[in-house]
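Listed here are the chains, written in short residue letters.
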Amino acid sequence: MKKLLALSAFTVFATAGAQTLNTQPFELGLTGGYASGLSGEVFVHAPFIAGPFGVKAGVAFTRAADAINDESDLGAGPFSGYKQAGATESGSHLVVSLDGTYSLGEVAPGLDATLYAGGRYGMFRATEDYGSGLNTTYTSNAFGIGAGLMASYPSPGTSAW
């Protein structure tokens, strides 16, 4: 339990401390974490296109550690029975996003906040592997929407944003 709490705290700090390189008028960002698998996002943000409004484009990738529902029935019993017999699973999820942003400005000394919302296109892929070249692959693609809040602060040693 202590390791889970430590990992959760590290993930929160790593995501909140996402490295952003501000090359006016663009920001390049990278985030990462762990939630049932490694994940990361790369994004480009043009913050002040029209006043406080901007645009952010990103690509996120997640490697799913548990990609298949173990209770899914394959016609001869649930996948959990096959896992006990040695079957393995793997999966990944790729999301491409395009967001509009709105800068809230400095909400605390040295801390800026920006709201974002926009469209998403997700591509999911999972594979069940039974060994000896026997496997089944599932794919799914979907459009969606997303929203959130980005917090940013200057890196140590920088004097201006």
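## A look at the overall build of the chain
Thinking step 1. For the chain, the count of helices and strands is two helices and seven strands.
Thinking step 2. Listing each helix as α and each strand as β along the chain from the N terminus yields α-β-β-β-β-α-β-β-β.
Thinking step 3. Expressed as a percentage of the 161 residues in the chain, the buried residues total 23%.
Thinking step 4. Sequence separation of 24 or more characterises 47% of the internal contacts of the chain that already satisfy a separation of 6 or more.
Thinking step 5. Here the chain has roughly 10300 Å² of accessible surface; of this, 65% comes from carbon and sulfur atoms.

## Observations concerning the side chain of Ser-103
Thinking step 1. One can find Ser-103 in strand 5 (residues 88–108).
Thinking step 2. Excluding anything up to four places from it in sequence, Ser-103 contacts Phe-48, Pro-52, Ala-113 and Thr-114.

## Topic: the confidence of the model for the chain
Thinking step 1. For the chain, mean pLDDT is 79; residues scoring 70 or higher make up 79% of the total.
Thinking step 2. Looking over the chain, one finds the lowest element-wise mean pLDDT in helix 1 (residues 2–16), namely 44, and the highest in strand 4 (residues 53–64), namely 92.
Thinking step 3. Contacts for the low-pLDDT stretch residues 1–23, under 50 throughout, to residues beyond four places or in other chains number 23 contacts.

## Here we look at a nonpolar patch on the surface
Thinking step 1. Taken together, Phe-53, Tyr-102, Leu-104, Val-107, Leu-111, Leu-115, Leu-149 and Tyr-153 make up a surface patch of nonpolar side chains, about 740 Å² in accessible area.
Thinking step 2. Listed by contribution, the elements that provide at least two residues to the nonpolar patch are strand 5 and strand 6 (111–131).
Thinking step 3. Broken down by element, the nonpolar patch gets its largest block of residues, three residues, from strand 5.
Thinking step 4. Overall, the relative accessible area of 44% leaves Tyr-153 in the partly exposed class.

## Here we look at unusual backbone geometry
Thinking step 1. Of note, the phi angle at Ser-132 is positive, near 55 degrees, even though the residue is not glycine.
Thinking step 2. Its place among the elements puts Ser-132 in the loop between strand 6 and strand 7 (134–152).

## Details of the pattern of salt bridges
Thinking step 1. Summed over all chains, the structure comprises four salt bridges.
Thinking step 2. Its salt-bridge partner being Glu-41, residue Lys-56 comes within 3.6 Å of it at the nearest N-O pair. With Lys-56 in strand 4 and Glu-41 in strand 3 (residues 38–50), the pair connects residues that are 15 residues apart, well separated along the chain.
Thinking step 3. Look at Glu-41 and you get buried, because its relative accessible area is 18%.
Thinking step 4. Between Arg-120 and Asp-99 there is a salt bridge, and its shortest N-O distance comes to 2.6 Å. Taken together, the positions of Arg-120 in strand 6 and Asp-99 in strand 5 put the pair 21 residues apart, joining distant regions of the chain.
Thinking step 5. Beyond isolated ion pairs, a larger network of salt bridges with shared partners links Glu-41, Lys-56, Asp-99 and Arg-120.

Parameters and conventions
- Residues numbered from 1 in each chain as written.
- Predicted model: local features only at pLDDT ≥ 70, side-chain atom pairs only at ≥ 80, totals over all residues.
- Heavy atoms only, no water.
- Helix = DSSP H or I, 4+ residues; strand = E, 2+ residues; numbered from the N terminus.
- Buried < 20%, exposed > 50% of the residue type's maximum accessible area, 1.4 Å probe, protein only.
- Contact = heavy atoms within 4.5 Å.
- Areas by Shrake-Rupley, 256 points an atom, 1.4 Å probe, with all protein chains shown as cover.
- pLDDT = per-residue confidence, 0-100.
- Patch = residues over 30% accessible without salt bridge, like charges linked within 9 Å, V, L, I, M, F, W, Y side chains within 5 Å.
- Salt bridge = Lys/Arg side-chain N within 4 Å of Asp/Glu carboxyl O.

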